[in-house]
Every structure is written in C-alpha cells, then in structure tokens.
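Listed below are the residues making up each chain.
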Amino acid sequence: MVEAAAEVPPGTFPNFVAEGTLLVRRGEHDKALPCFTNALLLRPGDKQCLVARSKCYLKLGDTENSLKDAEASLQNDKTFSKGLYQKAETLYTMGDFEFALVFYHRGYRLRPELQKFRLGIQKCQEAIVNCIGSPSSVKLENNEDICFLSRQAESRKAQQKLQIKLTKDQKRMSKQEHVRNPQTERQLLGELYADKAFLEKLLKDEDLMKSSTKQGIKVKDLVLGGITYLNTRTEFWQQQKPIYARVRERKLRQQRWIRDKKRKPDEVARYIVKSMEDIEMLLAGGSPEESLKKAEHVLKTIQGWSDKEVPNKNELIGNLHNCMGNAQMEMGHMDAALQSHQTDLELARQNNLPGAISRALDNIGRVYARIGKFQQAIDSWEEKIPMAKSSLEKTWLFHEIGQCYLELSQAEEARSYGQKSLQAADEEGDVEWQLNASVLVAQAQVKLKDYQAAIINFEKALEKAKLIHNDDAQQAIIIALNDVSKSFIKDLKEGERTAASPKDDDYSSENTEETSKRTTEREGSKGSELSIETQSNERQEDEPENDDEEPDDDEEPENDDEGNEQADKESESSEGEKEEPGTGERED
C-alpha cells in the first residue's frame, strides 16, 4: 500500500481531468495527454478518461494507442456509446472504412438520436465507394454475425483494392483525362485547383513531355506524379469531409449564427460590459487604433440587434460614438473626432439624456480648442455650465473657458472666469487647480496692465507650486514674476513723469484765477474812487464863493494824480493779461 501510494502523482482525479479538458479545448493535446495519464493512474480503467486520452492520441497521429484506449473503454461495457464512436473514428482515420462502418452502425442502433453516428455511416459509405469504385463489391448488413470478421483481413483487402485502383488510374492518366465534376474538384482542392489545371495544360505540350531534366527524369513523369498526388488528395479530403458534410456544416454555422443573434439578456449585458472595458483599456494603454477598431466592431454588432435584445440601444450607440471620438482625437483625426462627438450629442438630445449631452458638449469643446476655434469651444462649454455637478468639474470648465478668452485677447472675461475657477477650486480644496486658476488670473491681469495684482496672484501660485512640489511650474512662475516686475517698475516711472506736469499746470491756473480776482477787485476800487472824485467836483462847482479853499481844490487833483500813478504801477506789476480801463476812464 505504501509503494502504491508513492507512485500516485500529486493531485486529484477531478483536477487532472478538468485540466486535461481545458487543454484540449485550447488545442494543446500534447499537454493534455499527461493529465489524462495521471488521472488514469489514480483511477485505472475509467472509460470516460480513456476516451479522452484516445482523442488526444488520435489528434497527435498515434492511431495505435488511440485504438487501444478506445477498446479498453469498451472492455467492461460493450454498449458504451462514446467508446464505440471513438473506436469507429480511429478505424476510419486508419483507413479501415468497412470495419469502422460496423461500429458506426452499432452506435447508431444503440443511440439513434445521435447525429454523429449517422454522419459516420454516410462518410464511411462514401469513402468505400470512392476507394473501390462500386458499392456492389461490399455487402454489409446490420447483423451481429459480422463480428467474426477479422479486422486485419478486411483492412488488407481494402488496401489491395485501393492500390489496384491507384495503379489503374496512373496508367490511364497518360491516355485520357480523369472524369470528375469540376465544381466538386474545385471545392475540394481550393487553391491547389489552379496548380492541377496548370499541370494538365502542360500535358498537352508534346515537346515538353518528351524532354528530360539534368538528372535524367522525364518531365512527363514529374507532371503525372503531381497530378496523381492532387487526385489522391482530392479523394482523401472527400473522405474526410465530403461535400454533403460541408453543406451540413454550413447550415449548422448559419443556425449557430441565428441562435447567437437571439442572445439572452444576461449574455448581452456581459458582452457589452466586457467590450466597453476592452475599448477603454486599449485607449488608456496607448493603443487608440485598436480601441477604434474594437468600438467600430461592437457598434456594427449592436446595430444588428433588436431593441428588445438591447433596451438602451440608442444610449449605447452614443457611448460608442463617444469612445470612437476620443480615440480619433488621440490619433489626431480632428474632423472625424468632431463628427463622432456631434453624433453622440444628437443621439443624447433625441433621447433626452442630460449626462450624455454634458459629455458630448465637453468633448466638442475640447476638439474646437485643440484646432484653434476658441469661440466655438467657448459656446459649447458655456452651454455645459448649468449641467456641471461637482466643484471640480466647474473648476476645470471655468479654467478652460477663461483660457480660450485669453487666447482671443479678451482679458476682462478671462480674468472673470479665472476668478470663478479659483473660487470653485477653493471650495473643492484642490491645490493643483488653485495653482492653475491663480496663474490664469495673473495672466489676464498682465494683459490688463494691472501689474501689482498680477504679482500678488503669481506669488500665490508660486506657493501652491511649492506645496505640490511642481518644479516646472515654479520655474515658469518665477520667470513670469520677473517679467511682470520689470513691467511694473517701468510703468511706475512713466506714471511719475506724467504726474509731475499736471501739478505745474494746476498751479499756473490757480495763479491765473487769483490774478483775475485781484484785477477785478482793483477795478472795483478804482470805480469807487472815481465816483468820490466826481462828487467832490460837483460840490466845488456848487460853492464857488469860498476863495480860501481854492488851494485845497488844487491839492485834490495832485492827490488824484498820485492815486493814478499808483494804480498804473499796480496794473503794470500784474501779468499784463488785462488792460487798465480805470485809467482810460480817468483820462476821458
């Protein structure tokens, strides 16, 4: 018991069988063979495992071991249908068509509902007819009495008849063409049919057929050998897969295709989810061409399905157009990308899908911005603003709109949207977008020549860049700060120059006003003096009798002359802007 246990390989019987079955499905029969062998060591004589290993041997061309395993599976149960079919298939592959026919009939009697036994009977009968030439030479009955026939004897007879038939064909080949159906022969030979037609054409060239090669081989023998080989291949392929079998296989493929079209809802959902994941993974992995091909294939497949099979068909088609547009944009095909995203937008509006509308407007804006049509990009993104849900989405949206306005040299709008982006970034607490928004505001303020505010925002952006350790951003901001500082100093110097000249002008104007006021006051005082002088003269005329006061009258004009001389001096001391009307009146 201990020795037997030591010989058992590590593992269990079901595990070995499952692994071998999986490898067979993959077509790796050489790797599956040891799995079934280990399983048989754990459970010797298991008929299912024997049939599985027999299939592996048959696929690998080892017909002898395949037949041994098939017969071993029938050792304890002569009615085991899988064993009967596997033995018949092995015998058919070995060329024992008559004996294989016996086991196909046995299996058909036991399991008449299985189509594979009926097909085996048909292909065996056709193979026998092709090899022997007439069905009358073989008489097989569905009786148990035929079991006593020796398989070796029957195989020998079949091989002898086959050799005789081939020898006669070779002798007849030089005299007459082999009678065949050209259409059938074309289907069986495929691409080799043109080669056979070429060789047959060479046979008609008598001079060529009489010639020989350098080695002394006649060209005619070479041509006949090639034609004989192709005829043999034709017969072999007709035995392996006759025309009726090909027609039936084509019908089965059509039925399978129709069955696949009527998929179950869960199968449809799994297919769609898997396909969308593959499309997104290909795009994210840097393979936009493969992603585009996959999306186009899935789109074509889904368009052939009914609305019952895919309830959200229009939404799914729009999503596929979105994936195609993203892949086309990565490939640089902007016109195609714009068309795909516009199709996505149309489908979203037709089906009233707000989320899809927002997505399409976002992508259309990005395409327009990429190709330099900034106003169209702004129009698309501004339409999307009410649909933005999160603060982070608003931050990005406001920033992109402001950037487009900056490209259009509309600095005021750029600053406004930059401030909105900064506010949304503060609400979200995203440092990176705070950095981007601060830079945008500062750039707009530079355009507006608000250098002091621009310096403040650039310094804030520099702090954010240091916080997230973005060295490239730090260097760019430092360069921008230096440029803005130079512009700010230059602007200050120009402001000082322009500020100095207006003060002198104001001072001179104030002096002019004061001078005019003083002149007016002087004119008023001179007028009052004239009125006093006139009154005094009138009084002198009224009192002529007082001779003693004449000297006083003579003194008053002297005083008046002195007053006039003083007034003249004051008027001459002024800026000379006005004339001296008081003196003129006095002279009159």
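Values in this document were obtained by computation on a predicted structure and should not be read as measured data.

The rules behind these values
Residues numbered from 1 in each chain as written. Predicted model: local features only at pLDDT ≥ 70, side-chain atom pairs only at ≥ 80, totals over all residues. Heavy atoms only, no water. Helix = DSSP H or I, 4+ residues; strand = E, 2+ residues; numbered from the N terminus. Contact = heavy atoms within 4.5 Å. Core = buried A, V, L, I, M, F, W, Y, C linked by side-chain atoms within 4.5 Å. Buried < 20%, exposed > 50% of the residue type's maximum accessible area, 1.4 Å probe, protein only. Domains from an automatic or database assignment. Salt bridge = Lys/Arg side-chain N within 4 Å of Asp/Glu carboxyl O. Expected span 1.5 Å × (residues − 1). Axes fitted to C-alpha atoms, helices over the stretch in contact; angles between N-to-C directions. Parallel < 35°, antiparallel > 145°, perpendicular 65-115°, else oblique. Left-handed = near helix turned anticlockwise from the far one by under 90°. UniProt positions renumbered as here; feature names shortened; annotations may be inferred. Phe/Tyr/Trp six-rings, centres within 6.5 Å; stacked < 30°, edge-to-face > 60°. Nonpolar A, V, L, I, M, F, W, Y, C, P; charged D, E, K, R; others polar. Polar contact = N/O pair within 3.5 Å; in protein donor to acceptor, adjacent residues only side chain to side chain.

Trainee: Teacher, can you tell me more about the overall build of the protein chain here?
Mentor: Looking only at helices and strands, the protein chain has 27 helices and 0 strands in total. Within the protein chain, counting contacts between residues at least 6 apart in sequence, those at least 24 apart form 54% of the total.

Trainee: Is there a simple way to explain the nonpolar core in this structure?
Mentor: If you look at soluble globular proteins, the nonpolar side chains tend to sit buried side by side. Counting residues in each nonpolar core, the largest one holds 27 residues, and the members touching the most others are Leu345, Val367, Trp381, Ile401 and Tyr405. Looking at this core, the elements that each hand over two or more residues are helix 18 (334–350), helix 19 (354–370), helix 20 (374–384), helix 21 (391–407), helix 22 (411–428) and helix 23 (431–447). Residue contributions to this core peak at 7 residues, all from helix 19. Residue-level mapping places this core at the junction of two domains, with at least three residues from each of domain 3 (263–387) and domain 4 (390–495). Ranked by size, the runner-up nonpolar core spans 20 residues in total, among them Tyr85, Leu91, Phe99 and Phe103.

Trainee: Which parts of the structure should I look at to understand the pattern of salt bridges?
Mentor: Close approach of charged atoms lets side chains of opposite charge pair. For the coordinates displayed, the defined rule picks out 13 salt bridges. Residues Lys87 and Glu71 are paired through a salt bridge, measuring 3.6 Å at the closest nitrogen-oxygen approach. Remark: Glu71 occurs in helix 5 (residues 63–73) and Lys87 occurs in helix 6 (residues 81–94); sequence separation between them is 16 residues. Its relative accessible area of 11% is what places Lys87 among the buried residues. The residue Lys274 makes a salt bridge to Asp278 at a minimum N-O spacing of 3.0 Å. Linking Lys274 with Asp278, this pair stays in helix 15 (residues 265–284), spanning 4 residues, or about one helical turn. By relative accessible area, which is 24% here, Asp278 ends up partly exposed.

Trainee: Explain helix 24 (residues 451–467) to me, please; I cannot follow it from the model alone.
Mentor: Note on helix geometry: an α-helix contains 3.6 residues per turn, so any two residues three or four positions apart are oriented the same way. Between its first and last C-alpha, helix 24 extends 24 Å over 17 residues, near the 24 Å set by a 1.5 Å rise per residue. Where helix 24 is concerned, the buried positions are Tyr451, Ala453, Ala454, Ile455, Asn457, Phe458, Ala461, Leu462 and Ala465. Directly beyond the C-terminal end of helix 24, a positive phi value near 60° is found at His469.

Trainee: What exactly am I supposed to notice about the packing of helix 3 (residues 29–42) against helix 4 (residues 47–59) here?
Mentor: For any two helices packed against each other, the geometry is given by the interaxial angle and the distance between the axes. Following both chains from N to C, one finds helix 3 and helix 4 inclined at 155°, their axes separated by 9 Å at the closest point. As summarised for this structure, helix 3 and helix 4 are arranged roughly antiparallel, according to the angle between their axes. Both helix 3 and helix 4 take part in a crossing whose hand is left-handed. Residues His29, Ala32, Leu33, Phe36, Thr37, Ala39 and Leu40 of helix 3 touch helix 4, and the partners they reach there are Cys49, Leu50, Ala52, Arg53, Cys56, Tyr57 and Lys59.

Trainee: I'm lost on the UniProt feature "repeat: TPR" (unreviewed entry) in the protein chain in this one. Help?
Mentor: UniProt tags residues 13–46 and 358–391 as "repeat: TPR" (unreviewed entry). Between the end C-alpha atoms of residues 13–46 the distance is 10 Å, and the span holds 79% helix and 0% strand. In this annotation, residues 358–391 is assigned 74% helix and 0% strand; the end-to-end C-alpha distance for the span is 15 Å.

Trainee: What exactly am I supposed to notice about the environment of Glu309 here?
Mentor: The topology assignment puts Glu309 in the loop between helix 16 (288–303) and helix 17 (313–331). Glu309 gets classed as buried once you look at its relative accessible area, which sits at 18%. Each C-alpha atom, one on Glu309 and one on Val268, is 7.3 Å from the other, the two residues being 41 residues apart in sequence.

Trainee: Honestly, the packing of aromatic side chains in this entry has me stumped. Any pointers?
Mentor: To describe a pair of aromatic rings, you give the distance between the ring centres and the angle between the ring planes. Evaluated as defined, the whole model comprises 8 aromatic pairs. Arranged with centres 5.6 Å apart and planes meeting at 90°, the rings of Tyr85 and Phe117 form a pair that is edge-to-face. Of this pair, Tyr85 sits in helix 6 while Phe117 sits in helix 8 (residues 115–132), and the two are 32 residues apart along the sequence. When sorted by exposure, Tyr85 lands in the same class as Phe117, which is buried. An aromatic cluster is built from Tyr85, Tyr104 and Phe117, whose rings are joined through pairwise contacts.

Trainee: Looking at this structure, how should I read the packing of helix 17 against helix 18?
Mentor: At a minimum axis separation of 8 Å, helix 17 and helix 18 run at an interaxial angle of 160°. Classified by the angle their axes make, helix 17 and helix 18 are roughly antiparallel. In terms of crossing hand, the pair formed by helix 17 and helix 18 is left-handed. Packed against helix 17, whose contacting residues are Asn314, Ile317, Gly318, Asn319, His321, Asn322, Met324, Gly325, Asn326, Gln328 and Met329, the element helix 18 presents Met334, Ala336, Ala337, Ser340, His341, Thr343, Asp344 and Leu347 at the interface. A class-by-class count of the residues in the contact of helix 17 with helix 18 yields 7 nonpolar, 11 polar and 1 charged.

Trainee: I tried to follow the environment of Lys196 on my own but got confused; where do I start?
Mentor: Tracing the backbone shows Lys196 in helix 11 (residues 192–202). With 34 residues separating them along the chain, Lys196 and Leu230 place their C-alpha atoms 6.9 Å apart. Those residues in contact with Lys196 that lie beyond four places of it in its chain are Glu185, Leu189, Ile227, Leu230 and Asn231. One polar contact links Lys196 to Glu200, side chain to side chain, over a distance of 2.4 Å.

Trainee: What is the right way to read the side chain of Arg53 from this model?
Mentor: Of note, Arg53 is situated in helix 4. We classify Arg53 as buried; its relative accessible area is 14%. When near neighbours in sequence (up to four residues on either side) are disregarded, Arg53 contacts Leu33, Phe36, Thr37, Leu40 and Asp69.

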